[in-house]
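# Reading the structure
The chain contents come next:
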Amino acid sequence: MESSVREEPTKIWNVGFISVFLVNMMMFFGQQMTNVLIPKYTYFLGGTPTMVGFIASSFAYTALILKVFAAPAIDTFNKKIILGLAILVMAIAYAGYAMSDSIRGVFFSRLLQGSGQAFSATCCLALATDMLPRDKIGTGIGYYSVAQAICQSIGPSVGLSLVKRFGYSVTFCVCSCIMVTAAIMALSLKTKQTQRGQFKISLQGIIAKEAVIPAILMFFLCMSYYNVTAFLVIYSEQQGIQGNIGLFFTVYAITLLFSRPFIGKMSDKYGTVKVLIPAMICFACAFILIGVANHLTILLIASFVSAFGYGACQPAIQTLCMKSVPHGKRGAGSTTNYIGQDLGNLVGPVVAGIVIENFGYHTMWFIMIIPVCFALVIVLVNRNHIIENEQKYLQEGK
């Protein structure tokens, strides 16, 4: 481990933050191309809706298990090395999809992908936070998440177009190459590693109690949101909706390009609570629109509304999570956040698949409003606690 004095950044767009931003963008682009294809490929191989939901969410099994090691590792060792190796594992998983011609092969590759994701997103968020000024962290995380928005605007459409023209194997190979490029970029990052203690696995090192409430919010929101990725393409085909369904993700992402920086500034200025309440209401409305959609136009409106819903909630909650923990526990704070996200990704599609087989797609979309309502109630009940944590964070920086 290297030891150095940590210098507080004075501006958001410093060299370190820009470098992490680009790595995150490359990594997320590969994920966006792949995630929209896995459910469709599973269905192509003969999977039922329940099986599609199970395979789509199965990466969360290994992601959750290995997070036992992720938080203490990120808070102990060189973050860029961990990030680079994690992305390489994901590249190998994507190559595994290319070689798989059975649901079993896709399942095992999905588990391997989860092994990389246990470290990648968590580590990347911790690195980005380290590069930001304390008083601009909300705005900075908003910009950081724009990298994801850029990838969402083109990733799914590129993936679907490549499959249509070249088939699944070639497309997954392209995804793997993109991840290799991201890994090389990660290993080339110029970061300052502060001195840490010895690597030790403990509950306190894995779960940051200060970040539990944000993690619970992510659980409920992701439980609903991941079904859009898992089932929307199949749903639109079965409904006979004409047009390029990839435009749903494009509209969503383009909207995020201006909504997320705006939401980040609003979060810094007015606090997370005043951002989350209207955002969650928008998110619930998006599911109503998807549930009644019989034309691509309605889905595109739902996409726009969702960008001000989940698209606003995710960076706001990530910011709250990182504000809630001390600097030395940002690995644990980030891990706690992604544990909530992974649990939601795991549970949501499985529940949705069961509902689809028994009651149909329309009912499933409406039922997925319930977890969003739970999240809204949690924010309302804990609003004073959330406000106190944010005020304490700002006071510590003075």
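Computed from a predicted model, the values in this text were never measured in an experiment.

## A short note on the overall build of the chain
Counting its secondary structure elements, the chain contains 18 helices and zero strands. For 398 residues, the compact-globule estimate of 2.2 N^0.38 gives 21 Å, and the chain sits close to it at 20 Å. With the principal axes as the frame, the chain shows a C-alpha extent of 60 × 45 × 35 Å. Sequence separation of at least 24 residues holds for 88% of the intrachain contacts in the chain that already meet a minimum separation of 6. Counting only carbon and sulfur atoms, one obtains 67% of the accessible surface of the chain, whose full area is about 15,500 Å². Of the charged side chains in the chain, 27 are positive and 15 negative, and the gap between their average positions amounts to 3 Å.

## What to know about the packing of helix H7 (residues 137-166) against helix H11 (residues 246-270)
Interhelical geometry of H7 versus H11 gives an angle of 180° and a closest axis separation of 8 Å. As the angle between them shows, H7 and H11 are arranged roughly antiparallel. Its residues assigned to classes, the contact of H7 with H11 shows 15 nonpolar, eleven polar and three charged.

## Comments concerning the packing of aromatic side chains
Both the distance between ring centres and the angle between the ring planes are used here to describe each pair of aromatic rings. All told, the structure shown has 28 aromatic pairs when counted by the stated rule. One aromatic cluster is present, formed by Tyr-225, Phe-231, Tyr-235, Tyr-252, Phe-283, Phe-287, Tyr-310, Tyr-361 and Trp-365 through successive ring pairs.

## Observations regarding helix H10 (residues 212-238)
Taking 1.5 Å of rise per residue, the 27 residues of H10 would be expected to cover 39 Å, and the 39 Å separating its terminal C-alpha atoms lies within 8% of that figure. When the local axis directions of H10 are compared, the greatest deviation, roughly 55°, occurs at Phe-231. Counting buried residues along H10, 22 of its 27 residues qualify, which places the element largely inside the surrounding structure. Gly-240, located one to two residues past H10, shows a positive phi value of around 70°.

## A few points about the confidence of the model for the chain
In this model, the chain carries an average pLDDT of 84, and 91% of its residues clear a pLDDT of 70 or more. Least confident of the elements in the chain is helix H9 (residues 203-206), whose mean pLDDT is 65; most confident is helix H17 (residues 369-381), at 95. Here residues 1-6 scores under 50 on pLDDT; set against residues more than four positions off or in separate chains, the count is 18 contacts.

## Focus: the environment of Lys-80
Secondary-structure assignment places Lys-80 in helix H5 (residues 79-99). For Lys-80, a relative accessible area of 19% puts it in the buried group. Each C-alpha atom of the pair Lys-80 and Ala-93 lies 20 Å from the other, and the pair is 13 residues apart in sequence.

## Structural notes on the packing of H7 against helix H8 (residues 168-187)
At a minimum axis distance of 7 Å, the contact between H7 and H8 shows a crossing angle of 140°. Considering the angle they form, H7 stands oblique to H8. Facing Gly-159, Leu-162, Val-163 and Phe-166 of H7, the residues of H8 in contact are Tyr-168, Val-170, Thr-171 and Val-174. Within the contact of H7 with H8, the residues separate by chemical class into six nonpolar, two polar and no charged.

## A closer look at a nonpolar patch on the surface
A cluster of nonpolar side chains, Ile-81, Leu-85, Leu-88, Val-180, Ile-184 and Leu-187, forms an exposed patch at the surface whose accessible area comes to about 470 Å². Secondary structure elements with two or more residues in the nonpolar patch: H5 and H8.

## So, helix H6 (residues 103-130)
Here H6 is 28 residues long and its end C-alpha atoms lie 40 Å apart, about the 40 Å a rise of 1.5 Å per residue gives. At Gln-117, H6 shows its maximal kink, close to 35°. Within H6, 23 of the 28 residues are buried, which leaves it mostly tucked inside the rest of the structure.

## Some remarks on the environment of Gly-333
Here Gly-333 lies in helix H15 (residues 330-359). Exposure remark for Gly-333: the relative accessible area of 0% places this residue in the buried category. Along the primary structure Gly-333 and Gln-318 are separated by 15 residues, whereas in three dimensions their C-alpha atoms are 9.3 Å apart. When sequence neighbours within four positions are dropped, the list of residues in contact with Gly-333 reads Ala-208, Ala-211, Cys-321, Met-322 and Val-325.

## Looking at the nonpolar core
Grouped together as the largest cluster of nonpolar side chains are 115 residues, with contacts concentrated most on Leu-83, Leu-232 and Trp-365. Broken down by element, the residue count for this core peaks at 15 residues, all from H10. Apart from the residues within four sequence positions on either side, Leu-232 is in contact with Asn-227, Ile-245, Phe-248, Phe-249, Ile-290, Leu-299 and Trp-365. Formed by six residues, the second largest nonpolar core is a distinct cluster that contains Ala-208, Ala-211, Cys-321 and Val-325.

About the cut-offs
- Here the residue numbering is sequential within each chain, running from 1 through the sequence in written order.
- Given that this is a predicted model, residues contribute local features only at a pLDDT of at least 70 and side-chain atom pairs are listed and counted only at 80 or more, while totals for whole chains, interfaces and linings are drawn from all residues.
- With hydrogens and water excluded, all non-hydrogen atoms of the structure serve as input to the side-chain values.
- Strands here mean DSSP runs of E at least two residues long; helices mean DSSP runs of H or I at least four residues long; both are numbered from the N terminus.
- Here the globule rule is a power law, 2.2 Å times the number of residues to the power 0.38, and the radius of gyration is based on C-alpha atoms.
- We call two residues contacting when some pair of their heavy atoms lies within 4.5 Å.
- Only the protein chains shown count as cover for residues, and all accessible areas are computed by the Shrake-Rupley method using a 1.4 Å probe.
- Within this scheme the basic residues Lys and Arg register as positive and the acidic residues Asp and Glu register as negative, but His and the chain ends are omitted.
- Charge positions come from single atoms, namely NZ of Lys, CZ of Arg, CG of Asp or CD of Glu.
- Helix axes are fitted to C-alpha atoms over the stretch in contact, other axes to C-alpha atoms as well, and angles between N-to-C directions run from 0 to 180 degrees.
- Orientation labels follow simple angle bins: below 35 degrees gives roughly parallel, above 145 gives roughly antiparallel, 65 to 115 gives roughly perpendicular, and whatever is left gives oblique.
- Three residue categories are used. Nonpolar comprises Ala, Val, Leu, Ile, Met, Phe, Trp, Tyr, Cys and Pro, charged comprises Asp, Glu, Lys and Arg, and polar comprises the others, including Gly.
- When two rings of Phe, Tyr or Trp (its six-membered ring) have centres within 6.5 Å they constitute a pair, described as stacked for plane angles under 30 degrees, edge-to-face for angles over 60, and tilted for the intermediate range.
- By this rule, a helix spans an expected 1.5 Å times one less than how many residues it contains.
- Two axes enter the definition of the bend at a residue: one is fitted to the seven residues ending there, the other to the seven starting there, and the bend is the angle between them.
- Each residue is assigned to one of three classes by its accessible area relative to the maximum for its type, calculated with a 1.4 Å probe on protein chains only: buried under 20%, partly exposed between the two thresholds, exposed over 50%.
- Predictor confidence is given residue by residue as pLDDT, running from a minimum of 0 to a maximum of 100.
- Within the patch definition used here, like charges are joined within 9 Å and nonpolar side chains (Val, Leu, Ile, Met, Phe, Trp, Tyr) within 5 Å, considering only residues with over 30% relative accessible area and no salt bridge.
- Whenever Lys or Arg places a side-chain nitrogen within 4 Å of a carboxyl oxygen from Asp or Glu, that contact is recorded as a salt bridge.
- Grouping buried Ala, Val, Leu, Ile, Met, Phe, Trp, Tyr and Cys residues that are joined through side-chain atoms within 4.5 Å yields what is termed a nonpolar core.

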